[in-house]
Amino acid sequence: MTDDTRRGLPAPPPLGAAALPPGTYAGQVVLVTGGGTGLGKAIAAEFARLGGDLVIAGRRAGQLEAAREELAAVPGAGRVTAAVCDIRDPERVAEVFDAAQAELGLPAVLVNNAAANFPSPAEDLSPNAWRAVVDITLTGTWFMTREFGRRHLAEGTAGSIVNIGASYAWTGGPGFAHSAAAKAGVKNLVETLAVEWGPYGIQINGLVPGLFPHADMTEDIRGGLERAAPGGGDGNGRQPALRVGAPRELGWAATFLASPYARFVTGHTLVVDGANWQRRALVSPEVVPVREQLGHGPFDQGRRRA
């Protein structure tokens, strides 16, 4: 007998609704890395809707310019600028802050959204593959965070940082050893720096997204959705909420964590995924090795030194 009372979690308010009072970020500069696409752009849009001046940073000029125009048209938005930046380069990071400070003012909020990821069996990861993900996801986040913190410490001003994390920082991430290790480091930075910098008025929190489909999803994420719901479904039936997230819901969470209404919240990582990461079956499913899940053949011994 089926349970016809299942409804899942209600849908969110419509796009354009605001979770905070209008003008909450008026006169404040918000810097969002990876703000030219996907969830980074969705987060930036909610800060814009609340009156913030935006700096979106990323590695692709074309995407950034298109996003800049889109964000500037958001009702309530302040000024919007874009900066090409490889966050692995600390000198370029400093230049972006210099330019932002000269044009708009010292960013009061930093959202560390930029990251790198791709699925792979751990034994297949080359040194370059490991470094590429860890250097962007963890080291780049650190360079941005350090620059933000140093400038506020020097100015004697308060600030707020939001680090975008991942639930496998707690659970482990089979098939994503490089990213899971890096995100665990990002989560630890939240907890460490909340204590170190709290006395100086700098708060730092983490924000973990669940499944938020968007137009800029990578092919491996789309493939995961297809495996979860063969035939082109969206994976809703595999979520306890019986739905996936709307990107604006993540934006609302980010704007709250960085807002005056969350000043006593620091060192915390908020998971916004409809409880999906806590889901457990009464009977554990059969174990399928990652290599098989990804369609890889037996490990090639000739790659041991790659």
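1. A word on the layout of surface pockets
Then step 1. One number sums up the size of the second largest pocket: a volume of about 340 Å³.
Then step 2. If you trace the second largest pocket, you find 15 residues lining it, with L15, A42, A45, E70 and P247 closest to the centre.
Then step 3. Elements represented by at least two residues in the lining of the second largest pocket include exactly α1 (38-49), α2 (61-72) and α8 (247-257).
Then step 4. Per-element accounting of the lining of the second largest pocket gives the leading share, 6 residues, to α1.
Then step 5. When its residues are assigned to classes, the lining of the second largest pocket shows 7 nonpolar, 2 polar and 6 charged.

2. Here's the deal with the environment of I87
Then step 1. Within the secondary structure, I87 is located in the loop between β3 (80-84) and α3 (90-103).
Then step 2. On the basis of relative accessibility, which here comes to 7%, the residue I87 falls in the buried class.
Then step 3. When the C-alpha positions of I87 and S179 are compared, they lie 16 Å apart, and in sequence the two are 92 residues distant.
Then step 4. Among all residues touching I87, those that are not within four sequence positions of it are T33, V93, A114, I136, G140, T141, F143 and M144.

3. Notes on the nonpolar core
Generally speaking, soluble globular proteins have nonpolar side chains that are buried together.
Then step 1. Grouped together as the largest cluster of nonpolar side chains are 31 residues, with contacts concentrated most on Y25, F47, L54, V109, V111 and L207.
Then step 2. Those elements that provide at least two residues to this core are β1 (29-33), α1, β2 (53-58), α2, β4 (109-112), β5 (159-164) and α8.
Then step 3. By residue number, the principal contributor to this core is α1, which donates 6 residues.
Then step 4. Once residues lying within four places of it in the same chain are set aside, the contact partners of F47 are Y25, V30, G52, L54, V109, V111, A254, T255 and A258.

4. A closer look at the packing of helix α4 (residues 127-155) against helix α6 (residues 177-197)
Then step 1. α6 packs onto α4 with a crossing angle of 15° between their chain directions and a minimal axis gap of 8 Å. One way to sum up the angle between α4 and α6 is to call them roughly parallel. Crossing hand, α4 versus α6: right-handed. Residue-level inspection shows A129, W130, V133, V134, T137, L138, T141, W142, T145, R146, G149 and L153 of α4 in contact with α6, the latter providing A177, H178, S179, A181, A182, K183, G185, V186, L189, L193 and W197.
Then step 2. Of the residues assigned to the contact of α4 with α6, the class counts are 14 nonpolar, 7 polar and 2 charged.

5. Focus: empty space enclosed by the protein
Then step 1. A full pass over the atoms with the stated rule returns 1 cavity of 30 Å³ or more.
Then step 2. Each pocket or cavity is described by its volume, and for the largest cavity that value is around 60 Å³.
Then step 3. In this structure, the largest cavity is lined by 13 residues; those nearest its centre are G165, A166, K187, V208 and T269.
Then step 4. For the lining of the largest cavity, the secondary structure elements donating two or more residues are α5 (168-171), α6 and β6 (202-209).
Then step 5. Of the residues forming the lining of the largest cavity, the biggest block, 4 residues, is contributed by α6.
Then step 6. Considered class by class, the residues forming the lining of the largest cavity number 7 nonpolar, 4 polar and 2 charged.

6. Focus: the environment of Q28
Then step 1. Relative to the assigned elements, Q28 resides in the segment before β1.
Then step 2. With 15 residues separating them in the primary sequence, Q28 and I43 have C-alpha atoms 15 Å apart.
Then step 3. For Q28, the residues in contact, after removing those within four places along its chain, are G52, D53, A108 and V109.

Quick notes on the rules
- Residues numbered from 1 in each chain as written.
- Predicted model: local features only at pLDDT ≥ 70, side-chain atom pairs only at ≥ 80, totals over all residues.
- Heavy atoms only, no water.
- 1 Å grid on protein atoms, 1.4 Å probe; cavity = no way out; pocket = protein on both sides within 12 Å on 5 of 7 lines; lining within 4 Å.
- Points joined across faces, edges and corners; volume = space filled by probe spheres on them.
- Helix = DSSP H or I, 4+ residues; strand = E, 2+ residues; numbered from the N terminus.
- Nonpolar A, V, L, I, M, F, W, Y, C, P; charged D, E, K, R; others polar.
- Buried < 20%, exposed > 50% of the residue type's maximum accessible area, 1.4 Å probe, protein only.
- Contact = heavy atoms within 4.5 Å.
- Core = buried A, V, L, I, M, F, W, Y, C linked by side-chain atoms within 4.5 Å.
- Axes fitted to C-alpha atoms, helices over the stretch in contact; angles between N-to-C directions.
- Parallel < 35°, antiparallel > 145°, perpendicular 65-115°, else oblique.
- Left-handed = near helix turned anticlockwise from the far one by under 90°.

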